[in-house]
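# Structural overview for review
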Amino acid sequence: MGEGALQGKIAYVTGGSCGIGRATALCFAEAGADVAICHLGDADQAASLVQAVAARGRRAFAAEADVASPAATRAFAAAAEAALGPCDILVNNAGINLRGPFESITEEIYDRVVDVHLKGMFFMAQAVYAGMVARGHGRIINIASQMALKGGPNATPYCSAKAGIIGFTRGLAWEAAPKGVLVNAIAPGPIDTDLNRDRVEWRKMMVETLPIGRLGKVEEIAATALMLAGPGGDYYVGATLSPNGGDIMY
Ligand code: NAP
């Protein structure tokens, strides 16, 4: 167990069983943090994540919790605190994308996408915020998307929710920074995960048009989260960092 940037910290990562959340949980464990994750349904992946964190010499906790439910986020936070201790770093990462042309989007689809992303991140943050304020320190990192910045077809609920996450990040950052809690967002570009694995044509098009000529790797988003979570993030407040292979330059 070396002296990493997150030595002795406790991180909660929503949607930590696979993709960007899993890579972030492992990266944080390698940097010295104990990690609690929640996930939705894939218990095998969650169990393998717990093993992988333990193999890095850190404690891990996993629970099934649908972040769309504020009660479930509060229950996950309470269980994670009982298992590992209070949250130093929250990575609000859990996400889905239900796609379709605007005219086909039902209230049910809209509610699900917005509830998982925006409502989920809002109330998950609220579940750990009071403790962070009481201790005078904390980091909250919300995973938005480049789709919040550039939009894209057949994803109006997703674009709406992700833009809302950036607004939420900025709003909370104002309240939280004076209390020692730094709130920031990451807006990844196209990353190679299960979320887009079946979108073969879209992936090909992205590879052909991105300046960097490839999709992003989950570890590249985890590296940005690590920077924000550790000492390198000490002066970031309400920022949206965008590792996106050059898809949007700003
Ligand atoms: P992924 O590989 O599909 O992983 C999603 C994770 O979230 C899984 O652990 C899943 O758990 C969990 N999850 C899904 N719905 C949940 C819910 N309601 N409650 C709790 N956990 C839930 O996705 P990813 O690509 O890593 O995406 C992670 C985040 O990055 C999302 O917010 C996504 O919008 C964002 N993002 C992704 C990309 C990209 O190109 N991949 C780009 C920009 C932003 P189970 O497996 O147990 O269901």
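Computed from a predicted structure; not experimentally measured.

This next bit is on the sheet that holds strand β4 (residues 89–92). The pairing of strands in a sheet happens through backbone hydrogen bonds and is either parallel or antiparallel. Here seven strands make up an open sheet; going across it, the order is β3-β2-β1-β4-β5-β6-β7 and the pairing parallel. In this open sheet, the two strands that pair with only one neighbour each are β3 (60–64) and β7 (240–241). Here β4 pairs with strand β5 (residues 138–143) via four bridges, running parallel. The residue bridging V91 from the neighbouring strand is I141, located in β5. The strands touched by helix α3 (residues 70–83) are β1 (10–14), β2 (34–39) and β3; relative to β3, the strand with the most contacts, the crossing angle is about 155°. Helix α8 (residues 218–229) rests against β4, β5, β6 (181–186) and β7 of the sheet, and its axis sits at about 160° to β6.

Turning to the environment of L172, a few remarks are in order. Within the secondary structure, L172 is located in helix α6 (residues 156–176). Sequence separation of L172 and V183 is eleven residues, and the distance between their C-alpha atoms is 6.9 Å. Each residue touching L172, except ones within four places of it in the same chain, is listed here: A125, Y129, I140 and V183.

In this fold, R22 is placed in helix α1 (residues 19–30). Engagement of the side chain of R22 in a polar contact is seen with the side chain of S48, the distance being 2.6 Å.

About the cut-offs
- Residues numbered from 1 in each chain as written.
- Predicted model: local features only at pLDDT ≥ 70, side-chain atom pairs only at ≥ 80, totals over all residues.
- Heavy atoms only, no water.
- Pairing = 2+ DSSP bridges.
- Helix = DSSP H or I, 4+ residues; strand = E, 2+ residues; numbered from the N terminus.
- Contact = heavy atoms within 4.5 Å.
- Axes fitted to C-alpha atoms, helices over the stretch in contact; angles between N-to-C directions.
- Polar contact = N/O pair within 3.5 Å; in protein donor to acceptor, adjacent residues only side chain to side chain.

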